Amino acid sequence: MAVDIVMPQMGESIFEGTITKWLKKPGDKVERDEPLFEISTDKVDAEIPSPSAGVLKEIKVGEGQTVPIQTIVGVIDAAGSAAAIRRKPRWLVPQPR
């Protein structure tokens, strides 16, 4: 299941934010509430937590871009973490000696 990552509203008078840094890259596993990216607004700088556990599937808004609040900035594949484990090749799994 895909979960959209949105630019949050950080205050009543805030209408846009700039992504200053992604802390994860596509394909990385993320946990719910784990810091995912950093934003800057005219009033606050903040780390934004992941809305869901899974795998970061796509980054739609790059670093340095400014977008309105509620814009989808990325996508998490919430089912991806389990699927990634199942697809791991056997030779990557440690074997008893």
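Procedures and definitions
Residues numbered from 1 in each chain as written. Predicted model: local features only at pLDDT ≥ 70, side-chain atom pairs only at ≥ 80, totals over all residues. Heavy atoms only, no water. Core = buried A, V, L, I, M, F, W, Y, C linked by side-chain atoms within 4.5 Å. Buried < 20%, exposed > 50% of the residue type's maximum accessible area, 1.4 Å probe, protein only. Helix = DSSP H or I, 4+ residues; strand = E, 2+ residues; numbered from the N terminus. Contact = heavy atoms within 4.5 Å. Salt bridge = Lys/Arg side-chain N within 4 Å of Asp/Glu carboxyl O. Pairing = 2+ DSSP bridges. Axes fitted to C-alpha atoms, helices over the stretch in contact; angles between N-to-C directions. Phe/Tyr/Trp six-rings, centres within 6.5 Å; stacked < 30°, edge-to-face > 60°.

**Description of the nonpolar core**
In a soluble, globular protein the nonpolar side chains are often hidden away together inside.
Right, so step 1: If you look at the biggest cluster of nonpolar residues, it comprises 16 residues, and the most contacted ones within it are Ile5, Ile19, Leu36, Phe37, Ile39, Val73 and Ile76.
Right, so step 2: Counting only elements with at least two residues in this core, the list comes to strand S1 (2–6), strand S2 (16–22), strand S4 (35–40), strand S5 (45–49) and strand S8 (72–77).
Right, so step 3: When neighbours within four sequence positions are excluded, Ile39 is seen to be in contact with Met7, Pro8, Met10, Thr18, Ile19, Thr20, Val44, Asp45, Ala46 and Ile48.

**Topic: the pattern of salt bridges**
Right, so step 1: Tallying each qualifying case throughout the model produces four salt bridges.
Right, so step 2: For Lys25, the salt bridge is made with Asp28, and the minimal N-O distance between the two is 3.8 Å.
Right, so step 3: Put simply, Glu58 and Lys60 hold a salt bridge, and the shortest N to O gap is 3.9 Å.
Right, so step 4: With a relative accessible area of 34%, Glu58 lands in the partly exposed category.

**Section: the pairing of strand S6 (residues 54–59)**
Right, so step 1: In this sheet, S6 lies alongside strand S3 (residues 29–30) in antiparallel orientation, the contact comprising two bridges. Bridging from a neighbouring strand, Val30 pairs with Gly54 of S6.
Right, so step 2: Summarising the sheet, S6 and S8 pair through four bridges and their orientation is antiparallel. The partner of Val55 across the bridge, within S8, is Asp77.

**Overview of the sheet that holds S2**
Right, so step 1: Spatial strand order, S5-S4-S2-S7: four strands in an open sheet with antiparallel pairing. This sheet does not close on itself; its edge strands, each paired only once, are S5 and strand S7 (66–68). Neighbouring strand axes in the sheet, compared pairwise and without regard to direction, differ in orientation by 40° on average.

**Some points on the pairing of S1**
Right, so step 1: Along S1, the buried face is formed by Val3 and Ile5; none of Ala2, Asp4 and Val6, which line the opposite face, is buried.
Right, so step 2: Bridging between S1 and S8 involves five bridges; their strand directions are antiparallel. Bridging from a neighbouring strand, Val3 pairs with Ile76 of S8.

**Points about the side chain of Thr41**
Right, so step 1: Within the secondary structure layout, Thr41 lies in the loop between S4 and S5.
Right, so step 2: Discounting residues that sit within four places of it in the chain, Thr41 has contacts with Ile14, Glu16 and Gly17.

**Quick word on the packing of aromatic side chains**
Right, so step 1: Applying the stated criterion to the full structure yields one aromatic pair.
Right, so step 2: Here Trp22 and Phe37 contribute two aromatic rings whose centre-to-centre distance is 4.8 Å and whose plane-to-plane angle is 40°, an arrangement assigned as tilted. In this pair, Trp22 sits in strand S2 while Phe37 sits in strand S4, placing the two residues 15 residues apart along the sequence. Each of the two residues, Trp22 as well as Phe37, counts as buried.

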